[in-house]
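This is what each chain is made of:
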Amino acid sequence: MVYSENEILQYIDGNDVKFVKLTFCDIRGKLKNISILSSELAVTFERGARITARKIDGFEAAAGKDLFLFPDAKTMTVLPWRPQQGRVIRMFCYIRYADGTHFEGDGRYFLKKAMKAAVAEGYCFRFGTSCEFTLFRNDESDLPTKIPHDLAGYCDVAPDDKGENIRRDVCLTLEQMGIRPVSSRHESGCGQHEIDFNASSALKTADTFLSFKSAVKSVSETHGVHASFMPKPLSNDCGNGMHISFSIFPDNDLFEENISASGELLKYAAAGIMKHIRSISLFTNSTVNSYERLNEFSTPRKIIWAKDEGVQLIRLDTDRNDAPVELRAADCVCNPYFVFGLMIYAALDGIEKKLALPEENVGEEYLPTDLSEAVECAEKSEFIRKYVPSNILEVLLRYCRDEWQEYSSADDKGAFEDKKYFYSL
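Position numbers for residues start from 1 in each chain and track the written sequence from start to end. Residues qualify for local features only when their pLDDT is at least 70, as the model is predicted, and side-chain atom pairs are given and counted only at 80 or more; totals for whole chains, interfaces and linings, by contrast, use all residues. Each side-chain value is derived from all of the structure's non-hydrogen atoms; neither hydrogens nor water enter the calculation.

Colleague: Is there a simple way to explain the packing of helix H9 (residues 371-380) against helix H11 (residues 390-409) in this structure?
Modeller: Packed helices, taken two at a time, are described by the angle their axes make and the gap between the axes. Contact geometry of H9 with H11 gives a least axis separation of 9 Å together with a crossing angle of 160 degrees. It follows from the interaxial angle that H9 and H11 lie roughly antiparallel. The chirality of how H9 crosses H11 is left-handed. Across from Leu 371, Ser 372, Val 375, Ala 378 and Glu 379 in H9, the residues of H11 making contact are Leu 397, Cys 400, Arg 401, Glu 403 and Trp 404. Following the grouping adopted for this structure description, the nonpolar residues are Ala, Val, Leu, Ile, Met, Phe, Trp, Tyr, Cys and Pro, the charged ones are Asp, Glu, Lys and Arg, and the polar ones are all others, Gly among them. For the contact of H9 with H11, the per-class residue count stands at six nonpolar, one polar and three charged. For every element, the axis is a line fit to its C-alpha atoms; helices are fit only across the contacting stretch, and the angle between N-to-C directions ranges from 0 to 180 degrees. To qualify as a helix, a DSSP run of H or I must reach at least 4 residues; to qualify as a strand, a run of E must reach at least 2; elements of each kind are numbered from the N terminus. Just so you know how the angles are binned, under 35 degrees is roughly parallel, over 145 roughly antiparallel, 65 to 115 roughly perpendicular, and the rest oblique. Rotating anticlockwise by less than a right angle from the far helix to the near helix defines a left-handed crossing, while the corresponding clockwise rotation defines a right-handed one. We call two residues contacting when some pair of their heavy atoms lies within 4.5 Å.

Colleague: Hey, could you run me through the packing of aromatic side chains in this one?
Modeller: Note on aromatic pairs: each is described by the distance of the centres and the angle between the planes. In this analysis, rings of Phe, Tyr and Trp, with Trp reduced to its six-membered ring, are considered paired at centre separations within 6.5 Å, and the interplanar angle assigns stacked below 30 degrees, edge-to-face beyond 60, and tilted for intermediate values. Across all of its chains, the model carries 21 aromatic pairs by this definition. Note on Phe 59 and Phe 103: the rings are 4.9 Å apart at their centroids and 70 degrees apart in plane angle, and the pair reads as edge-to-face. Pair noted here: Phe 59 is in the loop between strand S3 (49-51) and strand S4 (67-71) and Phe 103 is in the loop between strand S6 (87-97) and helix H3 (107-120), with a separation of 44 residues, a long-range link. Taking relative accessible area as the criterion, Phe 103 reaches 0% and is therefore assigned buried. Relative to Phe 127, the ring of Phe 125 has its centre 6.4 Å away and its plane inclined at 20 degrees; by these criteria the two rings are stacked. On the accessibility criterion, Phe 125 (8% relative accessible area) is buried. Three exposure classes are used, based on accessible area relative to the maximum for each residue type with a 1.4 Å probe and protein chains only: buried under 20%, partly exposed in between, and exposed over 50%.

Colleague: What's the story with the side chain of Asp 106 in this structure? I'm lost.
Modeller: Secondary-structure assignment places Asp 106 in the loop between S6 and H3. Put simply, Asp 106 is tucked away with no salt bridge, and the nearest opposite charge, on Arg 108, sits 6.3 Å away. Excluding its chain neighbours within four sequence positions, the residues that come into contact with Asp 106 are Cys 93, Tyr 94 and Ile 95. His residues and chain termini do not enter the charge count, which takes Lys and Arg as positive and Asp and Glu as negative. Here a salt bridge means any side-chain nitrogen of Lys or Arg lying within 4 Å of a carboxyl oxygen belonging to Asp or Glu.

Colleague: So what exactly am I meant to see when it comes to unusual backbone geometry here?
Modeller: Backbone torsion omega between Ala 158 and Pro 159 reads 5 degrees, so that peptide bond is classified as cis. In the Ramachandran plot, Asp 16 falls in the positive-phi region, its phi being about 55 degrees despite a non-glycine side chain. Examined against the element boundaries, Asp 16 turns out to sit in the loop between helix H1 (5-14) and strand S1 (17-25). Phi is positive for Cys 155, which is not a glycine, with a value near 60 degrees.

Colleague: Looking at this structure, how should I read the environment of Gly 100?
Modeller: Among the structural elements, Gly 100 can be located in the loop between S6 and H3. Given a relative accessible area of 38%, Gly 100 falls into the partly exposed group. Between the alpha carbons of Gly 100 and Phe 68 there is a distance of 8.8 Å; along the sequence they are 32 residues apart.

Colleague: Would you mind going over the pattern of salt bridges with me for this structure?
Modeller: Side-chain pairs of opposite charge can arise whenever the charged atoms involved come near each other. One pass over the full model with this rule turns up 24 salt bridges. A salt bridge links Arg 185 to Glu 194, with the shortest nitrogen-to-oxygen separation between them at 2.4 Å. Residue classification places Arg 185 among the buried positions, given a relative accessible area of 16%. Measuring nitrogen to oxygen at the nearest pair gives 3.3 Å for the salt bridge that ties Asp 349 to Lys 275. Linking Asp 349 in helix H8 (residues 336-353) with Lys 275 in helix H6 (residues 255-284), this pair joins segments that are 74 residues apart in sequence. On the basis of relative accessibility, which here comes to 11%, the residue Asp 349 falls in the buried class. With relative accessibility at 42%, the residue Lys 275 sits in the partly exposed group. Connected through shared salt-bridge partners, Asp 72, Lys 74, Arg 108 and Asp 207 make up one network.

Colleague: How do you make sense of the pairing of S1 when you look at a structure like this?
Modeller: A regular strand places its side chains so that they alternate between the two faces of the sheet. For S1, the buried fraction is high: seven of the nine residues fall into the buried class. Relative to S6, S1 is paired through six bridges, and the arrangement is parallel. Across the sheet, residue Phe 19 finds its bridge partner in S6, namely Val 88. Strand pairing is assigned whenever DSSP detects at least two bridges linking the two strands. As paired elements, S1 and strand S2 (residues 31-37) share seven bridges and run antiparallel to each other.

Colleague: I would appreciate a short explanation of the nonpolar core in the present structure.
Modeller: The nonpolar side chains of a soluble globular protein tend to be buried with one another. To form a nonpolar core, buried Ala, Val, Leu, Ile, Met, Phe, Trp, Tyr and Cys residues must be joined to one another through side-chain atoms within 4.5 Å. With 132 residues, the main nonpolar core has Ile 8, Ile 89, Phe 125, Phe 212, Phe 246, Leu 282 and Ile 314 as its most contacted residues. Contacts of Ile 314, omitting those with residues within four sequence positions, involve Ala 270, Ile 273, Met 274, Ile 304, Trp 305, Ala 306, Val 325, Glu 326 and Leu 327.

Colleague: Before we go on, may I ask you to explain helix H4 (residues 164-176) in this structure?
Modeller: Each turn of an α-helix holds 3.6 residues, which means side chains three or four residues apart point in the same direction. The terminal C-alpha atoms of H4, which comprises 13 residues, lie 19 Å apart, in line with the 18 Å expected from a rise of 1.5 Å per residue. What H4 keeps buried is the set Ile 166, Arg 167, Val 170, Cys 171, Thr 173 and Leu 174. Each buried residue of H4 lies within a common arc of 160 degrees when the element is viewed along its axis, so the set occupies one face. Where H4 is buried, its residues contact strand S7 (123-138), strand S9 (181-186), strand S10 (192-197), helix H5 (202-222) and strand S12 (225-228). A positive backbone phi angle near 85 degrees is found at Gly 178, which sits one or two residues after H4. Helix span, expected: 1.5 Å multiplied by one less than the number of residues in the helix. In this context, the arc is that of the directions from the helix axis out to the C-beta atoms.

Colleague: Help me understand the layout of surface pockets, please; the structure alone is not making it clear to me.
Modeller: Any space left empty among the atoms is revealed by the rolling of a water-sized probe across them. A cavity here means a set of points on a 1 Å grid, drawn over the protein atoms and nothing else, where a 1.4 Å probe fits but cannot get out; a pocket is an open set with protein on both sides within 12 Å along at least five of seven lines, and a residue lines either one if it has an atom within 4 Å of a point. Grid points are joined across faces, edges and corners, and a volume is the space filled by probe spheres set on the points. Computed from the structure, the largest pocket encloses a volume of approximately 1100 Å³. Elements with a minimum of two residues in the lining of the largest pocket: S1, S2, S6, H5, S12, H11 and helix H12 (413-422). Looking at which element gives the most residues to the lining of the largest pocket, the answer is H5, with eight residues. Grouping the amino acids of the lining of the largest pocket by side-chain chemistry returns 13 nonpolar, 12 polar and 16 charged.

Shown next, in the form of structure tokens:
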């Protein structure tokens, strides 16, 4: 259900809501929030809630200016894992300067601008996701270990699949939040699971993705296990990825013509993404660990497309006009707002220029081999510099360079990655 600001204030009065979490994510996609008393929400809707920008990754790009969180009433949901007495609700926020202008590092605003650009060209995008994570046992002190929760494989059942009840509780929790997963299952890796979501608007899909990650972490903790979205948590097993699918519909009322036109649009859009994917990789695969997952098992490395399931970057059934484009390279530690926004811009570029798809399973280019190469691709890209604000891009490039340098100089690279990613991602 979508609420207005006044309806939320009424809901608070009648449902014992005591706290409001104002939620956003940093430049690299890590979820953040501050809590306010529900009695402060009316003022916060009007004036925002101040945050200390310099303490948040990427927000030093604000150059010392104050930043304020403005909750988006349309995203209000109760957090089911919090107490039912003195309830807690949550809203995603837009981030603005004191003068009311939007902060350049606000991913939700970046994506909203991309969506508006698509509408201005006469197109509507819908995104869906399939998201993987791995469950690990905790030790006797309730600290995470690197021992997988089970040894089951793809679509196995209980008792081999020991995460069945955890997935069930995640899905039921999401349903209480107004989010309806399509399906869930054990994936190929030990302790690995996947939950799929229906297509929706780009902004709603990005919000849903972050809600899903939060629910997985919270529910898993109540079951006494550790959930990790680390792209490659185990060196000898499958990594965790995210398949992103999207469809495009022309802005007209003729359904049959929509379907026919969408097929051609999707081919152009897929070609646009293939053209720009090397520069977008810094956003879809944003950590050192991300590149250890690529090109292993069924993950892509070569920039090719195909109809059937395989190791291709893009999957597209060109015999069906209603089949979505599926990007198979991203992982779940990205900032979804920037990823979806850049995908929209790349797709629009392909549509505008009517870029032709290469032959199926044919291509000479590869995704970046590591984070250092991804930084170089993004830094040299006119496409990235056209759409990502310069102050944000420079901060992100610096972060990634520093991360690569730390990794390169580490004596024990596995220990570095565990400390950097395993416990927090």
